Amino acid sequence: MFDLLIKNGAVIDGSGSPSFRASIIVQNETIEVYHGDPNSLEASRTIDAHGMVVCPGFIDVHSHAGLTILGEPNHDPKIRQGVTTELVGIDGISHAPFKSQEELHRAIWLDAGFNGYPPLPADWLTVAELLGKYDNNVAINIAFILGNAALRIWATGWNNRPATPSEIEEMKAVTKEAMEEGAWGISTGLDYPPGSFASTDELVEIAGVSAQYGGFYHTHTRASLRKLGLLEPWNEALDIGRRSGSPVHLTHYRQTAQGVGSHLDYLGLVENGRDEGLDVTFDCYSYPYSGTSLMMLVPNWTMDGGPERAIAAFKDPDDRTRMKREVDKEQFPATWLTNFKKSENQIYDGKSIIDIAEMRSQDPVDAMCDLLLDENLGIHIVSLGTNAHTLHAFISHPYGMIASDAILLGEYQNPRSYGCFPLVLAEYVRSEKHLRLPEAIRKMTSFPAQRLGLPDRGLLRDGFKADIVIFDPQEVKTHATKEDPRKYPVGIDYVIVNGNVVIDRGKNTGLLKGQALRRGRSSTPSTP
């Protein structure tokens, strides 16, 4: 008697190959692809997938849910999209390791508009302790990548200064320990202090340690380098890979706006890197909106010293005057704010900084500073940050994979957090035909598994873990929009995590069988 039998569906195994008819047997969290008559098999439960596609669970290599999922473990916005594994610790901001609870909580505070809060107090310090929080406590699997900000806080503190040789050696030792505890590589967010204070040489050193353990370099690049040339942020990333020997992954890679170079320049950089022999890949999301913390719009010097320095800067009249000279106000009209916790501020939810300033009869920078003080830095923003006319070229490119960059904060959050993956299936595949369905599924399953190095997920293969999605290819779609972003998709009827049916006929069963996936083990999950 098997645990679960899925029959009569069109199996798309994640490899990019065409669909085929087979049954999927699930037993003890693993799968067997069965090509015989399913009527001869007995199972505790049978799902008839007639008219539907059966494929591996989707793997999201850019998620900001590492903290929020601990407070909302059913994780409906993502599991209902078919996501069964997420990579957290992105953009240089991982929530382990730290020397003290004080430093951990300061890091959470500074990035509260980006990654939110877990149930407090956060009571871990090491990577191993954090990963243990996820095992059988959340709906999906969690993979962890080590953020370079945590390394700088550990070795150099919060200030903008070069790391000394001895501090770099300390970072390398911490990287080694994190990799041994299950991290999958190094991430950077080179626009976000204190990780942005790292030099190229420093990043080469830590990426080299990660690479020795089979890790990769996952990077939000340094936008300030654009003053040297359009592609210089990404050239720095490739140079880090070249010098460290690390694979390079360019995250949320796209043409940011019309007229900012050509999308062919961006894609050519990746193609030329591959031709050179570099292992370079990228991900992109399917909506044209970007999302981050409101702190992203203030100068980095306001955070030179940590969150307390930012609070002081927003209170100081001279610092505000300087900010008014330096802040890029061109972003204000197309940037809307969300994640207000105080009831008196919720009238501003979903409105632009310009609109809010008019409502408050204030200068826009003053309004921004006052709200950041009032909300203790925790404001999230969404804006138009992509050339929608060329996004399909990135979505369909063979070296690119799909990732949501989901930030589950606020009433007017980015619609990609609820609709990134089904939008690919509905629009880029079914309607506009930029991609064949098997190739789209490869970009959501085996390709991200390959990038991570997951040994037993991302494909429907005998002995692989039973992370499975069953969806109707004619009906799948998302209703999540800028105006109404918190809408679940339709047409994804079943989602199975580690052999457990979490989404059943479109309903969440409440099962919390997700695991932390630890690098360096022959199978996942596997505890140290």
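This one's a predicted model, so the numbers in the text were calculated from it and none came from an experiment.

Focus: the overall build of the chain
When helices and strands are counted, the chain shows 18 helices and 24 strands. Its C-alpha atoms give the chain a radius of gyration of 22 Å, within 12% of the compact-globule value 24 Å for 528 residues. If you line up the chain on its principal axes, its C-alpha atoms span 80 × 50 × 45 Å. Of the contacts made within the chain by residues no fewer than 6 positions apart, 75% connect residues no fewer than 24 positions apart. Entry remark: accessible area of the chain is about 18,800 Å², with carbon and sulfur atoms responsible for 47%. Here the chain contributes 50 positive and 68 negative side-chain charges, whose respective centroids are spaced 1 Å apart.

Section: the nonpolar core
In this structure, Leu250 and Phe471 are the most contacted members of the largest nonpolar core, which totals 124 residues. Residue contributions to this core peak at eight residues, all from helix α16 (residues 416-431). Not counting the four nearest positions on each side in its chain, Phe471 is found in contact with Met52, Val53, Cys55, Leu425, Leu437, Ile441, Val476, Gly491 and Ile492. In terms of nonpolar packing, the next biggest core, distinct from the first, is built from 21 residues, Ile6, Val26, Met52 and Leu460 among them.

Details of the pattern of salt bridges
Evaluation of the coordinates by the stated rule reveals 35 salt bridges. In this structure, Arg505 and Asp504 form a salt bridge, with 3.4 Å as the shortest nitrogen-oxygen distance. Beyond isolated ion pairs, a larger network of salt bridges with shared partners links Asp201, Asp239, Arg242, Arg243 and Glu276.

What about the packing of aromatic side chains?
What describes a pair of aromatic rings is the distance from one ring centre to the other and the angle between the planes of the rings. Scanning the model with the defined rule gives twelve aromatic pairs in all. Here Phe282 and Phe394 contribute two aromatic rings whose centre-to-centre distance is 6.2 Å and whose plane-to-plane angle is 80°, an arrangement assigned as edge-to-face. Taken together, the residues Phe282 in strand β15 (residues 280-284) and Phe394 in helix α15 (residues 391-395) connect sequence positions 112 residues apart. Of the two residues, Phe282 and Phe394, neither departs from the other in class, the shared state being buried. Positioned above the aromatic ring of Tyr285, the side-chain terminus of Arg416 is 4.2 Å from the ring centre.

Regarding the sheet that holds strand β24 (residues 516-517)
Read across the sheet, four strands follow the order β8-β9-β10-β24 without closing on themselves; strand pairing throughout is parallel. Edge positions in the sheet fall to β8 (58-60) and β24, since each of these pairs with one other strand and no more.

Describing the environment of Gly16
One can find Gly16 in the loop between β2 (10-11) and β3 (20-21). Note: C-alpha distance between Gly16 and Val424 (408 residues apart in sequence) is 15 Å. Ignoring any residue separated from it by four or fewer positions in sequence, one finds Gly16 in contact with Arg436, Pro438 and Arg442.

Structural notes on the packing of helix α7 (residues 165-180) against helix α8 (residues 200-212)
For the pair α7 and α8, the least separation of the axes is 9 Å and the interaxial angle reads 30°. The orientation of α7 with respect to α8, classified from their angle, is roughly parallel. With respect to the hand of their crossing, α7 and α8 are arranged in right-handed fashion. Mapping the contact onto sequence places Ile168, Met171, Lys172, Thr175, Lys176 and Met179 in α7 and Glu202, Glu205, Ile206, Val209 and Ser210 in α8.

Structural notes on the packing of helix α13 (residues 353-360) against helix α14 (residues 364-374)
Between α13 and α14, the least distance of the axes is 9 Å, while the angle of their chain directions is 90°. Between α13 and α14, the interaxial angle falls into the category roughly perpendicular. Each of Ile353, Ile354, Ile356, Ala357 and Arg360 in α13 lies in contact with α14, whose residues at this interface are Pro364, Ala367, Asp370 and Leu371. Of the residues assigned to the contact of α13 with α14, the class counts are seven nonpolar, no polar and two charged.

Basis of the calculations
- Residues numbered from 1 in each chain as written.
- Predicted model: local features only at pLDDT ≥ 70, side-chain atom pairs only at ≥ 80, totals over all residues.
- Heavy atoms only, no water.
- Helix = DSSP H or I, 4+ residues; strand = E, 2+ residues; numbered from the N terminus.
- Rg over C-alpha atoms; globule rule 2.2 N^0.38 Å.
- Contact = heavy atoms within 4.5 Å.
- Areas by Shrake-Rupley, 256 points an atom, 1.4 Å probe, with all protein chains shown as cover.
- Lys, Arg positive; Asp, Glu negative; His and termini not counted.
- Charge placed at Lys NZ, Arg CZ, Asp CG, Glu CD.
- Core = buried A, V, L, I, M, F, W, Y, C linked by side-chain atoms within 4.5 Å.
- Buried < 20%, exposed > 50% of the residue type's maximum accessible area, 1.4 Å probe, protein only.
- Salt bridge = Lys/Arg side-chain N within 4 Å of Asp/Glu carboxyl O.
- Phe/Tyr/Trp six-rings, centres within 6.5 Å; stacked < 30°, edge-to-face > 60°.
- Lys NZ or Arg CZ within 6 Å of the ring centre and 35° of its normal.
- Pairing = 2+ DSSP bridges.
- Axes fitted to C-alpha atoms, helices over the stretch in contact; angles between N-to-C directions.
- Parallel < 35°, antiparallel > 145°, perpendicular 65-115°, else oblique.
- Left-handed = near helix turned anticlockwise from the far one by under 90°.
- Nonpolar A, V, L, I, M, F, W, Y, C, P; charged D, E, K, R; others polar.

What is shown is where atoms sit, not what they do.
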